[in-house]
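Chain residues, written in single-letter form:
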Amino acid sequence: MTMQLARANGAMARPELLGLSPDRLFVVVSRLVALTLLVVTLSILSPHFLTWSNLINVVRHAAPLFLLSAGLTLVVLTAGIDLSVGAVLGLSGCIAASLITGGDPVLGIAAGLGAGLACGLVNGALVSYAGVPSFIATYGMMWIANGLAYVFMQGEVIYGLPAEFRLIGAGFLGPIPMPVLIMFGTLAALHVLLHRTPLGRGIYAIGGNPVAARLSGMPVHRRLVFVYAMSGLMASFAALVVVARTNAADVSLGEEQLLPAIAAVCLGGTSLFGGVGGVTGTAVGALILALVLNGMNLLGVNTFWQAGVLGFIILVSVFADQIVGGRIGRAGGAT
Amino acid sequence: MTISRRQFTAGTLAAGAATALGTLPSGSAFAQGSKPTIAFFVKNVTNPFWKACRIGAEKAAKELGINMEVVAPTKPDNIEEQTRLVEDWIVKKPDAFVFVPVDYKALVPSVQKANKAGIPIINYNNKMTDIEKVTFIGSDDALFEYEICKYLFNSMGGKGKVVHIDGVPAAITAQMRKKGFERAVKEFPGIEVLASQPGQYRRLPASQVFENLMQRFPEIDAVVSANDDMAVGIVEALYAAGRGGKTKVVGIDGIPDAIQAIAEGKMFATVDFSGHDQSYLAVQAAVRHLKGEKVPAEILLPVFIIDKSNVGKVAKTPEERAVPSWDKVAGKA
């Protein structure tokens, strides 16, 4: 653990590109290998794959998943986990949709984001100040958020959101879908946060060695609260995009979102043990998951085979990444 | 959802004690002049379908003057929790179970215990086998999809390129609906199936899958979706891609959003899959059985297609919906 901290310090001293030292940059590139392999394979297999409209389509599909897993990435970097992201997405989406269709879009957006932030703050307080393991604290929050959504919705479904609000999920700016712009804007902001600010470097340090981080005078508790709050906030942000996209909200909104979010984080090379990884990798992870689904649809893979094929491709892409970047990754530290 | 733990009455106790499997001396509660109690099961309290079921059942209970307790797992569709609920309610011994299993196979042993305890079972929505039941009341998924496909294919002059969006691959309803689709396709040689891909019965995955398919197929004449939620997502995707109005989209269920889309001319048609009617008739069947009337062994709801011509007459909420006529539906069965 002390070695990891020493590594991080060493890396900071070297010249940087995009906020990344050369060895870290190489690890990012290695994460892209699996993605590139998938793109090349699909381009050969399907003539419909390598078109502008299809590629933009894939990125658009990856966007909500990326938003959800980007906040989660921060938590995972501190060696924690947030199991409540799917449920928080559901709760925030329901609250926001209800108020927005009720005629108050600003309040709706604020309340949706506020609900996510509140859940995240509670998670963070439980983990940092009360010392509850993140798995337990956020598992509890998952049920609380689910339960609140059930009570709030009373078995109803909300349909028909205003067109202006729907722009963030279904709109375009020129040829680029809004969710894609939001995805890259968020990616850039979080990248700067992680690699250009003391706060970001602190997040890596906490994941690498929490004791050393505390002894070095870092406000560990407050930073932990920050990452869980960000995770909740990002989940509710993802909820707004999803609701705007589907034009409907019900309590099942967040169902089956948690594991793909964790998968995107891990596929992107962020270590579940903390201190290693980053949001750029998570974007790659989300893109891989969207690509696999796109590929299966384009190739017409049988419905019953799709779940198995998805699992297989995930394992193959991690394996490809290990072969190319494994050695560097082990030696290189944070990306 | 509050599931009140109401004490059972002396009447229901006696009714339970008097029952024996197969030779059910029905009508005991009525005979003693007390209100019978029925345990009405739903799969969850989160999905509007089960809310419609609850409303339909409550209408019947009110009309017939019985006590009805709604029994629902707190975790949606949870097998283990429903198993415990069934066991709890066997101990409470209501006059009848109006029952839908969260899983039609996993709940068989629990319902067999209720059989042994002599509680009459009225099975609705998802059909169970290997249990003793008074009747099954539901809708035939395969027939529903077959009929909507036939209606769609005829409207296309019997030829065209069609995409099918499946439900959850593991769900029995999704498999039955797909069978209905395949049966209809066989009868129309001019219909070409471009693709059949899973949309998980949910809007976001279905619209994403369909957007992928639009990349591959520049021309799609019609889409058959295994439920309405997905169908509405597909309609959205078509309009977002500037391909709205050229592709006929059909679904199953008759959810308010789909009815709205049909009224706006964006969606072609759907089949009314009414939980409200199923549960209303199921509670009716329970009470009729307790009164000693003969109830048909199976009651299947008629296929009712909603399209532009009749969409204005369709009730938007289960509260507003008219109750079905027992004689009309059960008389036919």
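What counts and what doesn't
Positions within a chain are numbered from 1, following the residues in the order the chain's sequence is written. All chains are assigned letters beginning at A, and all ligands numbers beginning at 1, according to the order in which they are written. Given that this is a predicted model, residues contribute local features only at a pLDDT of at least 70 and side-chain atom pairs are listed and counted only at 80 or more, while totals for whole chains, interfaces and linings are drawn from all residues. Side-chain calculation: all heavy atoms of the structure are included, whereas hydrogens and water are not. A run of DSSP states H or I qualifies as a helix once it reaches four residues; a run of E qualifies as a strand once it reaches two. Both are numbered from the N-terminal end. The cut-offs for exposure are 20% and 50% of the maximum accessible area for each residue type, with area from a 1.4 Å probe on protein chains only; residues under the lower value are buried, those over the upper are exposed, and the others partly exposed. What makes two residues a contact is simply this: any of their non-hydrogen atoms within 4.5 Å. Here the open area of atoms and residues is found with the Shrake-Rupley method and a 1.4 Å probe, where only the protein chains shown may cover a residue. Where a domain begins and ends is set by an automatic assignment or by a domain database. In this scheme, strands are said to pair when DSSP sees at least two bridges between them. Here the positive residues are Lys and Arg and the negative ones are Asp and Glu; neither His nor the chain ends is included. Each reported salt bridge corresponds to a side-chain nitrogen of Lys or Arg within 4 Å of a carboxyl oxygen of Asp or Glu. Throughout, nonpolar core names a set of buried Ala, Val, Leu, Ile, Met, Phe, Trp, Tyr and Cys residues whose side chains join them through atoms within 4.5 Å. The quantity reported as buried area is the accessible area (1.4 Å probe) lost by two parts once they are put together, taken as the sum for both. Fitted lines through C-alpha atoms give the axes, limited to the stretch in contact for helices. The angle between two N-to-C directions lies from 0 to 180 degrees. Within a predicted model, pLDDT stands for the predictor's per-residue confidence, ranging from 0 to 100. Expected span, for any helix, means 1.5 Å times one less than how many residues it has.

1. Observations concerning the overall build of chain B
1) Next: For chain B, the count of helices and strands is 12 helices and 12 strands.
2) Next: Evaluated residue by residue, chain B yields a buried proportion of 59% over its 333 residues.
3) Next: Within chain B, residue pairs in contact and separated by at least 24 positions form 75% of the contacts whose partners lie at least 6 positions apart.
4) Next: Carbon together with sulfur atoms contributes 53% to the accessible area of chain B, which is approximately 13300 Å² in total.

2. Here we look at the overall build of chain A
1) Next: Helix and strand counts for chain A come out as 14 helices and four strands.
2) Next: Across chain A, every contact between residues at least 6 apart in sequence was considered, and the portion connecting residues at least 24 apart equals 78%.
3) Next: Only carbon and sulfur atoms are counted for the fraction: they give 74% of the accessible area of chain A, which is about 13600 Å².

3. Here we look at the domain arrangement of chain B
1) Next: By the assigned domains, chain B splits into domain 1 (18-138 + 274-296) and domain 2 (141-271).
2) Next: For domain 1 of chain B versus domain 2 of chain B, the separation of C-alpha centres amounts to 33 Å.

4. A short note on the pairing of strand β5 (residues 135-138) of chain B
All names here are of chain B.
1) Next: Of the two faces of β5, both are covered, the one formed by T135 and I137 as well as the one formed by F136 and G138.
2) Next: Both strand β4 (residues 121-124) and β5 contribute to a ladder of three bridges, which runs parallel. Each residue of the ladder has a partner; that of Y124, found in β5, is I137.
3) Next: Judged from the three bridges that link them, β5 and strand β11 (residues 298-300) form a sheet pairing that is parallel. In the sheet register, I137 faces β11, and the bridge partner there is I299.

5. A look at the side chain of D250(A)
1) Next: Locating D250(A) in the fold gives a position in the loop between β4 (248-249) and α12 (258-267).
2) Next: It is R202(B) that comes nearest to the buried, bridge-free D250(A) among opposite-charge side chains, at 7.0 Å.

6. Focus on unusual backbone geometry
1) Next: You will see that A79(A), though not glycine, has its phi angle at about 70°, which is positive.
2) Next: Following the sequence through the fold, A79(A) ends up in the loop between α3 (52-77) and α4 (85-101).
3) Next: Of note, D130(B) is a non-glycine position whose phi angle comes to about 65°, a positive value.
4) Next: Note on placement: D130(B) falls in the loop between β4 and β5.
5) Next: Assessed through its relative accessible area of 62%, D130(B) is described here as exposed.

7. As for the nonpolar core
1) Next: Counting 94 residues, the largest nonpolar core has F66(A) and I288(A) as the members making the most contacts within it.
2) Next: Non-local contacts of F66(A), meaning those with residues more than four positions away in its chain, are made with M183(A), T186(A), L187(A), V279(A), T282(A), A283(A) and A286(A).
3) Next: I122(B), F144(B), V287(B) and I299(B) belong to the second-largest nonpolar core, a separate cluster that totals 55 residues.

8. Overview of the interface of chain B and chain A
1) Next: On the chain A side, the residues contacting the 29 residues of chain B number 35 residues.
2) Next: Interface area for chain B against chain A, summed over the two sides, is near 2900 Å², with a carbon-plus-sulfur share of 50%.
3) Next: Of all residues in chain B, N212(B), Q215(B) and R216(B) give up the largest surface area on contact with chain A, accounting jointly for 22% of the area buried on that side.
4) Next: On inspection of chain B and its partner chain A, the count reaches five salt bridges.
5) Next: R245(A) is the partner of E211(B) in a salt bridge, and the nearest nitrogen-oxygen pair spans 2.7 Å.
6) Next: Of the residues forming the side of chain B that touches chain A, the biggest block, 10 residues, is contributed by helix α8 (residues 203-216) of chain B.

9. So, the sheet that holds strand β7 (residues 191-198) of chain B
Residue and element names in this part refer to chain B.
1) Next: Strand order in the open sheet formed by six strands is β7-β6-β8-β9-β10-β12, with mixed pairing between adjacent strands. Two strands lie at the open edges of the sheet, namely β7 and β12 (305-307), each paired on one side alone. Averaged over all pairs of adjacent strands, the angle between strand axes in this sheet comes to 20°, irrespective of strand direction.
2) Next: Taken together, the three bridges between strand β8 (residues 222-225) and strand β9 (residues 248-253) define a ladder with parallel strand orientation. Directly across from V224, in β9, lies its bridge partner V250.
3) Next: Most of the contacts of helix α6 (residues 141-155) go to β9, to which it runs at about 160°, and overall it touches β6 (160-166), β7, β8, β9, β10 (269-272) and β12.
4) Next: Docked against the sheet, helix α9 (residues 228-240) engages β6, β8, β9 and β10, running at close to 160° with respect to β9.

10. Comments concerning the confidence of the model for chain B
All names here are of chain B.
1) Next: Averaged over chain B, the pLDDT score is 88; the fraction of residues at 70 or greater is 89%.
2) Next: Predicted confidence for residues 1-27 stays below pLDDT 50, and this span has 45 contacts to residues more than four positions away or in other chains.
3) Next: Under the prediction, the complex receives an ipTM of 0.81, its pTM being 0.82.

11. Focus: the side chain of T246(A)
1) Next: Following the sequence through the fold, T246(A) ends up in helix α11 (residues 220-246).
2) Next: Beyond its immediate sequence surroundings of up to four residues, T246(A) is in contact with R166(A), R203(B) and L204(B).

12. Concerning α12(A)
1) Next: Within α12(A), the full set of buried residues consists of L258(A), A261(A), I262(A), A264(A), V265(A) and L267(A).
2) Next: Just past α12(A), the residue G269(A) takes up positive phi, approximately 95°.

13. Observations concerning helix α6 (residues 134-153) of chain A
All names here are of chain A.
1) Next: In a regular helix each residue adds 1.5 Å, so 20 residues correspond to 28 Å; α6 covers 28 Å between its end C-alpha atoms and thus fits that length.
2) Next: Among all positions in α6, only S134, A137, T138, M141, M142, A145, N146, A149, Y150 and M153 are buried.
3) Next: Residues of α6 that are buried make contact with α4, α5 (105-128), β1 (158-159), α11 and β4.
4) Next: Looking at the residues trailing α6, positive phi occurs at Q154, about 50°.

14. Focus: the environment of A238(A)
1) Next: With respect to the helices and strands, the residue A238(A) is situated in helix α11.
2) Next: Setting aside chain neighbours within four positions, we find A238(A) in contact with P64(A), L67(A), L68(A) and L89(A).

15. With respect to the pattern of salt bridges
1) Next: For the structure shown, the criterion picks out 19 salt bridges over all chains.
2) Next: Between D141(B) and R177(B) there is a salt bridge; the shortest N-O distance is 2.8 Å. Here D141(B), found in helix α6, pairs with R177(B), found in helix α7 (residues 172-187); they are 36 residues apart in sequence, far enough to count as distant.
3) Next: For R177(B), a relative accessible area of 4% gives the class buried.
4) Next: Among the ionic pairs, R203(B) bridges to D229(B), the shortest N-O distance being 2.9 Å. Linking R203(B) in helix α8 with D229(B) in helix α9, this pair joins segments that are 26 residues apart in sequence.
5) Next: If you follow the salt bridges from partner to partner, you end up with R60(A), R245(A) and E211(B) in one network.

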